[in-house]
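Observations on the model geometry
Each chain, letter by letter, is given below.
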Amino acid sequence: MTKHGVWLVGILAACTSTTSTLDEYEQVESSTELTAPAANVDEAAVKHGRYLVELLGCASCHTDGALVGAPDQSRWLAGSSIGIAYTNPLDDPRPGVVFPKNLTPDTETGIGSWRDVEIKAAIVHGRNRVGERNIGVMPWRSFARLSGSDLDAITQYLRSLEPVRHDVPSNVLPGERSPAPFVHFGVYQSRDITE
């Protein structure tokens, strides 16, 4: 018998043996659905973060329908399908439009996959995840002086929200057609009427 034949006979003998190596083990049913352990959450920071988010008025843009006076509470801070024109629609029939993003921790449509430093940079520097400056509709300049502890609290509060899957439209450049309705905020000065 060849060397390979002896090896094959040994394997077959092991498979037909009446003593199994599993005799010492008990079969169990594994669980495929697991809940993540509760995160170590600072409840006082989350409460302070909620206070700051409400004080800063984040929901007035980042909640669907809020821009037209009909906020959808089921999409609290989950972004807006109504945009904000950032160029003047009175001068340009197809203004640039920004759609406020989903701030819930949804990993696909929100900030669930963002690092804390990226969330904080968006708030105080108006930068997106890749460091590009966001369009000036977001009042980040007003938030630039928030303290580190305030930014931590806001971040913890946003992470504590229930994730809401809500994919808002992409921003629109001036001259492009908006796929969704939008509003326009502007500052106007009266003309000199002394002439």
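See the structure printed just above.
Position numbers for residues start from 1 in each chain and track the written sequence from start to end. In keeping with the model being predicted, local features are shown solely for residues with a pLDDT of at least 70 and side-chain atom pairs are shown and tallied solely at 80 or more, while totals for entire chains, interfaces and linings include all residues. The basis for every side-chain value is the complete set of non-hydrogen atoms in the structure, without hydrogens or water.

**Some words on the overall build of the chain**
- Counting its regular elements, the chain contains 6 helices and 3 strands.
- In this description a helix means any DSSP run of H or I spanning at least four residues, a strand means any run of E spanning at least two, and both kinds are numbered starting from the N terminus. Each helix and strand of the chain, placed in order from N terminus to C terminus, yields the pattern α-α-α-β-β-α-α-α-β.
- Every residue pair with non-hydrogen atoms within 4.5 Å of one another is taken to be in contact. Within the chain, contacts between residues at least 6 apart in sequence are counted, and of these 60% link residues at least 24 apart.
- Of the accessible surface of the chain, which amounts to about 13,800 Å², a share of 55% is contributed by carbon and sulfur atoms. We get accessible surface area from the Shrake-Rupley algorithm with a probe of 1.4 Å; when it comes to residues, only the shown protein chains can shield them.

**A few points about the sheet that holds strand 3 (residues 182–184)**
- On the basis of which strands lie adjacent, the open sheet formed by 3 strands has the order 2-1-3 and mixed pairing. Each edge of the open sheet is held by one strand with a lone partner, namely strand 2 (97–98) and strand 3.
- Strand pairing is defined by DSSP finding a minimum of two bridges between the two strands. In the sheet, strand 1 (residues 83–85) pairs with strand 2 via 2 bridges, with the strands oriented antiparallel. Paired with Ile 84 across the two strands is Val 98, which belongs to strand 2.

**Here's the deal with the packing of helix 2 (residues 43–56) against helix 6 (residues 148–160)**
- Axis angles are defined between N-to-C directions and span 0 to 180 degrees, where every axis is a line fitted to C-alpha atoms and, for a helix, only to the segment in contact. Orientation of helix 2 relative to helix 6, taken along the N-to-C sense of each, is 95 degrees, at an axis distance of 7 Å. The angle between the axes of helix 2 and helix 6 places the two elements in the roughly perpendicular class. Together, Ala 45, Val 46, His 48, Gly 49, Arg 50, Leu 52, Val 53 and Leu 56 of helix 2 and Asp 150, Ala 153, Ile 154, Gln 156, Tyr 157 and Ser 160 of helix 6 make up the contact between the two elements.
- Residues belonging to the contact of helix 2 with helix 6 are distributed by class as follows: 8 nonpolar, 4 polar and 2 charged. Put simply, angles under 35 degrees are roughly parallel, angles over 145 are roughly antiparallel, angles from 65 to 115 are roughly perpendicular, and the rest are oblique. Amino acid classes used here: Ala, Val, Leu, Ile, Met, Phe, Trp, Tyr, Cys and Pro are nonpolar; Asp, Glu, Lys and Arg are charged; the rest, including Gly, are polar.

**Things to note about the layout of surface pockets**
- Of the grid points, spaced at 1 Å and generated over the protein atoms alone, those admitting a 1.4 Å probe that cannot get out make up cavities, while open sets with protein on both sides within 12 Å along at least five of seven lines make up pockets; any residue with an atom within 4 Å of a point is treated as lining. Grid points are joined across faces, edges and corners, and a volume is the space filled by probe spheres set on the points. Each pocket or cavity is described by its volume, and for the largest pocket that value is around 930 Å³.
- Forming the walls of the largest pocket are 41 residues, and the residues nearest its centre are His 62, Pro 100, Lys 101, Leu 103 and Met 138.
- When residues of the lining of the largest pocket are traced back to their parent elements, those giving at least two are helix 2, helix 3 (59–62), helix 4 (116–125) and helix 6.
- Grouping the amino acids of the lining of the largest pocket by side-chain chemistry returns 24 nonpolar, 12 polar and 5 charged.

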